[in-house]
Amino acid sequence: MKTIELEGPVKGVKGELRVPSDKSISHRAVILGALAKGTTKVYSWLRSADTLATLSIIKALGVEVKEDAEGVLLIKGKNYVFEEPKDVLNAENSGTTARLMMGVLSTQPFFSVLTGDESLRRRPMLRVVEPLREMGAFIDGREKGNKLPVSIRGGDLKGISFFNKKASAQVKSSLMLAGLRAEGITEIVEPVLSRDHTERMLGAFGVKLTTIPEERGHIVKLKGGQELVATDIFCPADPSSAAFFCALAVLAQGELLLKDVLVNPTRDGFYRKLREMGADVEYVNEREVSGEPVADIKVKGGKPLKAVKVSGEEVPSMIDEMPILAVVMSMSEGRSEVRGASELRVKESDRIKAVVENLRAMGAVVEEFEDGFAVEGPSKLKGSKVKTYGDHRIAMAFAVAGLVAEGKTLIDDADCVNISYPSFFNDLKKIL
Ligand code: S3P
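Model, not experiment: these values are computed from the prediction. (Residues numbered from 1 in each chain as written. Predicted model: local features only at pLDDT ≥ 70, side-chain atom pairs only at ≥ 80, totals over all residues. Heavy atoms only, no water.)

Draft legend 1. Representation of the environment of Lys380 in the model. Tracing the sequence through the fold places Lys380 in the loop between strand S23 (372-377) and strand S24 (385-386). Overall, Lys380 belongs to the exposed group, its relative accessible area being 72%. With 25 residues separating them in the primary sequence, Lys380 and Ala405 have C-alpha atoms 7.1 Å apart. Non-local contacts of Lys380, meaning those with residues more than four positions away in its chain, are made with Met362 and Glu406. (Helix = DSSP H or I, 4+ residues; strand = E, 2+ residues; numbered from the N terminus. Buried < 20%, exposed > 50% of the residue type's maximum accessible area, 1.4 Å probe, protein only. Contact = heavy atoms within 4.5 Å.)

Draft legend 2. Representation of helix H11 (residues 351-361). Within H11, the full set of buried residues consists of Arg351, Ile352, Ala354, Val355, Val356, Asn358 and Leu359. Residues of H11 that are buried in the fold lie against helix H10 (322-330), strand S22 (365-369), S23, S24 and helix H12 (392-404). Where H11 starts, the residue carrying a side-chain oxygen 3.2 Å from the main-chain nitrogen of Ile352 turns out to be Asp350. Taken from the residues just after H11, Gly363 is the one with a positive phi, measuring 100°. (Polar contact = N/O pair within 3.5 Å; in protein donor to acceptor, adjacent residues only side chain to side chain.)

Draft legend 3. Up close: the nonpolar core. Membership of the largest hydrophobic core comes to 80 residues, with the highest contact counts inside it found for Phe245, Leu258, Phe270, Phe373, Phe398 and Phe424. With residues near it in sequence (within four places) discarded, Phe398 still touches Val327, Val355, Asn358, Leu359, Met362, Val386, Thr409 and Ile411. (Core = buried A, V, L, I, M, F, W, Y, C linked by side-chain atoms within 4.5 Å.)

Draft legend 4. Local environment of the sheet that holds strand S9 (residues 147-153). If you walk across this open sheet you meet the four strands as S6-S7-S9-S8, and the pairing is mixed. Single-partner strands in this sheet number two, and they are strand S6 (89-90) and strand S8 (138-141). Relative to S9, S8 runs antiparallel, the two being bridged by four bridges. If you follow Ile139 over to S9, its bridge partner there is Ile152. Helix H3 (residues 95-105) rests against S6, strand S7 (111-115) and S9 of the sheet, and its axis sits at about 15° to S9. (Pairing = 2+ DSSP bridges. Axes fitted to C-alpha atoms, helices over the stretch in contact; angles between N-to-C directions.)

Draft legend 5. Looking closely at the environment of Glu348. Inspection of the secondary structure assignment puts Glu348 in the loop between strand S21 (334-338) and H11. Owing to a relative accessible area of 10%, Glu348 belongs among the buried residues under this scheme. For the pair Glu348 and Glu83, spaced 265 residues apart in sequence, the C-alpha to C-alpha distance is 30 Å. Those residues in contact with Glu348, other than ones at most four positions away along the chain, are Asn93, Ser119, Arg123, Asp391 and His392. A distance of 3.0 Å separates a polar atom in the side chain of Glu348 from a polar atom in the side chain of Arg351. A distance of 3.0 Å separates a polar atom in the side chain of Glu348 from a polar atom in the side chain of His392.

Draft legend 6. Region of interest: the pattern of salt bridges. For the structure on display, the rule yields 38 salt bridges. Note that Asp50 and Lys23 form a salt bridge whose closest N and O atoms lie 3.0 Å from each other. Placement of Asp50 in helix H2 (residues 49-60) and of Lys23 in helix H1 (residues 23-35) is noted, with a sequence separation of 27 residues between them. Lys23 sits in the buried class, given a relative accessible area of 8%. One salt-bridge network, in which partners are shared between bridges, spans Arg195, Asp320, Glu348, Arg351 and Asp391. (Salt bridge = Lys/Arg side-chain N within 4 Å of Asp/Glu carboxyl O.)

Here it is as structure tokens:
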């Protein structure tokens with residue numbers, strides 16, 4: 001556990017940055033590559049603690065993975081025929097690894113056990129365990145299967161129709177990956193479209209699926225028995241990582257160009273919200289990469305910002321950016337409010353509690369709700385001790401807060417940025 005000290009306020013930011021690749025896409029590239037027939041090449045894959053956990057599980061299931069001289073991953077797919085793992089599989093801190101792999105393991109007739117670190121062992125798993133059981137998998141675990149470790153024996157699945165009430169992309173993806181080896185049709189309906197990278201990437205692997213946007217919700221359907229055909233995947237920069245730099249540029253003077261960022265509409269809610277607040281955030285050089293929209297993001301700082309509301313429907317498209325959005329809200333004019341975001345309580349930490357506590361320690365006026373928070377701005381933030389709770393996004397959000405606050409800020413466990421962004425503090429130095 002390394003403590004980092006930051007001194008603010010910084011004068012401004014300047015330059016350009018290509019932040020590390022998207023974590024959600026990097027997980028999926030490795031998993032889908034392992035499920036496919038043939039060798040998949042993954043370019044610009046994110047190497048972080050979370051994605052390495054996925055990679056080591058895939059290897060433990062008998063998948064051969066090589067890295068070439070340029071750092072491209074070569075994954076020799078097993079066409080859904082894996083080997084029984086010899087030991088417990090460890091998803092470490094990664095909810096995406098645990099929940100997506102539960103879907104994959106549910107298609108396999110062998111015995112496997114999946115666990116995680118202290119944080120992941122606290123997080124709810126019934127949201128995937130229940131529908132996977134309904135499809136026919138035998139899953140047991142702590143607290144009737146709600147908590148890791150869980151044991152799984154799968155195979156002989158049948159398709160189901162499932163209402164994804166929490167609009168969780170992890171649940172949707174898990175059921176889709178199981179559905180590909182189930183009899184009949186698997187259908188997932190969600191009230192708001194959650195991140196759709198699995199749908200897009202399955203399309204790149206030649207899988208046919210139907211997506212229907214309609215009144216009662218968004219529907220995705222697929223037929224079991226389809227094969228994935230190996231392909232090349234290019235991973236764009238992660239908008240959730242770029243968000244910290246974008247926020248810093250918005251709050252300080254100067255200009256920043258964030259290169260190759262994924263701007264999928266199910267992920268870019270934070271950037272749209274910043275524009276609504278009055279920030280100067282522009283997408284340039286928009287293009288499509290491996291079926292995903294990508295752009296360079298040009299940010300000019302120092303514009304006056306006004307308070308905004310975030311409703312439950314808007315939450316999924318900015319769920320991982322809530323801690324940094326709260327920091328921006330604290331420096332905006334008026335009362336901002338986030339509602340319908342109770343999912344934040346079951347992330348890597350209780351992010352509502354962590355945000356409220358740390359913002360208050362820095363002098364902001366914050367109200368806590370069960371499903372969100374309100375922030376009264378603008379506050380003149382002052383440096384303070386930040387409690388990260390081992391949560392990478394809390395560490396990075398409050399590092400940004402510390403850089404715009406007056407005085408010294410101490411981040412208690414700075415190493416946790418390795419979960420998604422190992423070079424975060426080095427990249428900060430490049431633009432200050
Ligand atoms: C993710 C989905 C989201 C998000 C997480 C990554 C994914 O979680 O918060 O960081 O890659 O599918 P939920 O599915 O729980 O909403």
